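An overview of the molecular structure
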Amino acid sequence: MIQKLTPILLDLNLNSRKTVYLNIYQNFLMTAIKMLMMFDTVKFLRSGNGFVFEIIEKLIDIAFRIIKRKDKTKSLSFLIIKWLGYRGFHQMFEKCTQFAQVANSLAKEMELKQYRRISGIKEISLALKRQEEDAELWDKFVTEL
């Protein structure tokens, strides 16, 4: 995540807020995919789902600190970035039955009081809609190969 999230992707002078949120969300998705691939490779299930959830929370916190250092406008919210992280990891982990508990924990976190209004923020909902459209196009492309 550190290498791919360059300052230009977070610059609100160059990008709309929707694009910045989309960039952050897509980076969390890629991190989740890499994590799942690593877990599959090393047969990580022995450590338990609680440990995996703790790793995800730490990754999100580290990502926020990195984003804050690169955000020149200092206007990106910790709660929004954390919610985007939970959402990105949830989207990937809910597809893996062995991590159902992790996906459930992530879903519960997103439903907490402090996060309730986030999915209704226009820039967030537009960014997520764009990501879903991109994912559908990618799925269609892959199935046609």
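The structure contained in this document is the topic of the report that follows. (Residues numbered from 1 in each chain as written. Predicted model: local features only at pLDDT ≥ 70, side-chain atom pairs only at ≥ 80, totals over all residues. Heavy atoms only, no water.)

**Some remarks on the overall build of the chain**
Within the chain, the secondary structure is distributed over six helices and zero strands. The secondary structure elements of the chain, listed N-terminal to C-terminal, are α-α-α-α-α-α. Each of the 145 residues in the chain was classed as buried or not, and the buried ones make up 39%. Put simply, 71% of the contacts in the chain that link residues at least 6 apart link residues at least 24 apart. (Helix = DSSP H or I, 4+ residues; strand = E, 2+ residues; numbered from the N terminus. Buried < 20%, exposed > 50% of the residue type's maximum accessible area, 1.4 Å probe, protein only. Contact = heavy atoms within 4.5 Å.)

**Observations regarding the side chain of Asn27**
For Asn27, the location among the structural elements is in helix H2 (residues 17-42). Here the side chain of Asn27 touches Asn23 through a polar contact of 2.8 Å, landing on its backbone oxygen. (Polar contact = N/O pair within 3.5 Å; in protein donor to acceptor, adjacent residues only side chain to side chain.)

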